[in-house]
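Residue-level listing of the chains:
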Amino acid sequence: MASIRLDVAGNLDDLSGKAVADYARTLEDLGIECLNTPESWRREPFNTTAQILAATTRLNAATGIASVYGRDPHAAATAAENQYADYNGRFTLGLGPTHPQMVEERGHQWIPPVKKMRPYLQALHLEFEKIPSQSNRPDIMLAANGPRLLELARELASGAYSNQMPPAHTKMAREILGPDKIFKPVMQLSLANTEREALDFAQPAFSFYAALPAYHRMWNQFGFTESDYTDGGSDALMQATGAYGNLELIIGQIHAHIDAGADGVILCPVNHQGAHLGGVQEGLKVLKAIADELA
């Protein structure tokens, strides 16, 4: 596999347990380093990572990300420790505060991200201290686009993930995190003959982020304005934050993040329905092409 570390993220809701296992083995054969599975509506993330790990021998699995509103620090720590120990250190605990509408739909009261995450991470560390061997403590990765969350990741986590941010954000994140923390950006991508075709194909998936105020606040720092957030997101915004077009363009965007200070990238291919769904032919086609190019 290439020196560039490639992870994959995707909503696996529409896949059966057998299909998740088959997909994981396919990614392992491609040389992908880690499969990240999010907090979704139909798949519990820790259950899904266990399925991934049981089906493979080399592929890592991460909750990417699990909502801190979904389970208390004790539940998260024990689940993480069990999988890390049972599968030879191939598990990473990815956590985040998600967004107000998702939290409220689950019946919780939204708390500002840093205010919510700091005591949660502190409690999580206390839980991990109860583990007899420090070697059984997995990395903790924090979903962190904003500067204050990145500072918290520097203090209380192993590193951070960003999502749908330009390479300039990766540069900022590296400066905040310092040289010793892990940083990986999530990139949405679509492989097509033309950039126009790829953008149109991916816009239904990107429109979810284009509607979120928290993303607007971050994108504003990199020169985007309200006009970029209407109608599902402007071409310029999508081109800056993802990779849509031919293989050369996609590889270029990967290198842009690596050159800006990322330790690797998390690839999130979209399918014909606009969902972040791994395991469909469109997603596997682009992942195989990238893996072959960087091998």
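Use the structure listed above.
Residues numbered from 1 in each chain as written. Predicted model: local features only at pLDDT ≥ 70, side-chain atom pairs only at ≥ 80, totals over all residues. Heavy atoms only, no water.

A. Just the overall build of the protein, in detail. Helix and strand content of the protein: 12 helices and 9 strands. Computed over C-alpha atoms, the radius of gyration of the protein comes to 18 Å, within 12% of the 19 Å expected from 2.2 N^0.38 for 295 residues, which places it in the range of a compact globule. Each principal axis of the C-alpha distribution contributes one length, and for the protein these read about 55 × 40 × 40 Å. Taken across its 295 residues, the protein has 55% of its residues classed as buried. Sequence separation of at least 24 residues holds for 71% of the intrachain contacts in the protein that already meet a minimum separation of 6. With the model as given, the accessible surface of the protein reaches about 12400 Å², and the carbon-plus-sulfur share is 50%. The protein carries 24 positive and 34 negative side-chain charges, and their two centres are separated by 6 Å. (Helix = DSSP H or I, 4+ residues; strand = E, 2+ residues; numbered from the N terminus. Rg over C-alpha atoms; globule rule 2.2 N^0.38 Å. Buried < 20%, exposed > 50% of the residue type's maximum accessible area, 1.4 Å probe, protein only. Contact = heavy atoms within 4.5 Å. Areas by Shrake-Rupley, 256 points an atom, 1.4 Å probe, with all protein chains shown as cover. Lys, Arg positive; Asp, Glu negative; His and termini not counted. Charge placed at Lys NZ, Arg CZ, Asp CG, Glu CD.)

B. Structural context of unusual backbone geometry. In this structure, the amide linkage connecting Gly64 to the following residue, Ile65, adopts the cis form with an omega of 0°. Checked against the element boundaries, Ile65 lands in strand S3 (residues 60-67). We note that Asn88 has phi near 55°; this positive angle belongs to a residue other than glycine. You can see Asn88 is positioned in the loop between helix H3 (73-86) and strand S4 (91-96). A relative accessible area of 73% places Asn88 in the exposed class. Backbone geometry places Gln164, a non-glycine residue, at a positive phi of 55°. Its place among the elements puts Gln164 in the loop between strand S6 (159-163) and helix H7 (167-177). Classification of Gln164 by relative accessible area gives buried; the value is 0%.

C. Main features of the state of the cysteines. All chains considered together, the criterion is met by 0 disulfides. A disulfide-free cysteine, Cys34 has its sulfur positioned 13 Å from the sulfur of Cys268, the nearest such atom. (Disulfide = S-S within 2.5 Å.)

D. Geometry of the nonpolar core. Counting residues in hydrophobic clusters, the biggest one holds 84 residues, and the most contacted among them are Leu95, Ile254 and Ile290. It is helix H8 (residues 195-210) that contributes the most residues to this core, 7 residues altogether. With residues near it in sequence (within four places) discarded, Ile290 still touches Leu6, Leu189, Leu247, Ile250, Ile251, Ile254 and Leu267. With 9 residues, the next largest nonpolar core counts Ala9, Ala62, Met141 and Ile266 among its residues. (Core = buried A, V, L, I, M, F, W, Y, C linked by side-chain atoms within 4.5 Å.)

E. Representation of the pairing of strand S9 (residues 264-269) in the model. For S9, the buried fraction is high: 6 of the 6 residues fall into the buried class. The alternating pattern of S9 places Gly264, Ile266 and Cys268 and Val265, Leu267 and Pro269 on opposite faces, both of which are buried. Bridge count between strand S1 (residues 5-9) and S9: 4 bridges; the pairing is parallel. Counterpart to Val8 in the pairing with S9 is Leu267. (Pairing = 2+ DSSP bridges.)

F. Region of the structure containing the pattern of salt bridges. Using the criterion set out here, one finds 15 salt bridges in the structure. Ionic pairing is found between Glu33 and Lys184, a salt bridge with its closest N-O pair at 3.6 Å. Residue Glu33 is located in the loop between helix H1 (17-30) and strand S2 (34-37), and its partner Lys184 is located in strand S7 (residues 182-191); the two are separated by 151 residues in the primary sequence. Lys184 gets classed as buried once you look at its relative accessible area, which sits at 7%. (Salt bridge = Lys/Arg side-chain N within 4 Å of Asp/Glu carboxyl O.)

G. Looking closely at the environment of Thr56. Secondary-structure assignment places Thr56 in the loop between helix H2 (45-55) and S3. Along the chain, Thr56 and Arg25 lie 31 residues apart, while their C-alpha atoms are 5.9 Å from each other. The residues contacting Thr56, other than those within four sequence positions of it, are Ala24, Arg25, Glu28 and Arg90. Reaching out from Thr56, the side chain makes a polar contact with the backbone oxygen of Ile52 at a distance of 2.9 Å. Reaching out from Thr56, the side chain makes a polar contact with the side chain of Arg90 at a distance of 2.9 Å. (Polar contact = N/O pair within 3.5 Å; in protein donor to acceptor, adjacent residues only side chain to side chain.)

H. Local environment of the packing of aromatic side chains. All told, the structure shown has 7 aromatic pairs when counted by the stated rule. Grouping aromatic residues by their ring pairs yields a cluster made of Phe206, Phe208, Tyr209, Tyr215, Trp219 and Tyr229. Lying over the aromatic face of Tyr69, Lys116 brings its terminal NZ or CZ to 4.5 Å of the ring centre. (Phe/Tyr/Trp six-rings, centres within 6.5 Å; stacked < 30°, edge-to-face > 60°. Lys NZ or Arg CZ within 6 Å of the ring centre and 35° of its normal.)

I. The packing of H1 against H2, seen in detail. H2 packs onto H1 with a crossing angle of 55° between their chain directions and a minimal axis gap of 8 Å. When the axis of H1 is compared with that of H2, the two are oblique. Once H1 is placed against H2, the crossing between them reads as right-handed. Here H1 contributes Gly17, Val20, Ala21, Ala24 and Arg25 to the contact with H2, which in turn contributes Thr48, Gln51, Ile52 and Ala55. (Axes fitted to C-alpha atoms, helices over the stretch in contact; angles between N-to-C directions. Parallel < 35°, antiparallel > 145°, perpendicular 65-115°, else oblique. Left-handed = near helix turned anticlockwise from the far one by under 90°.)

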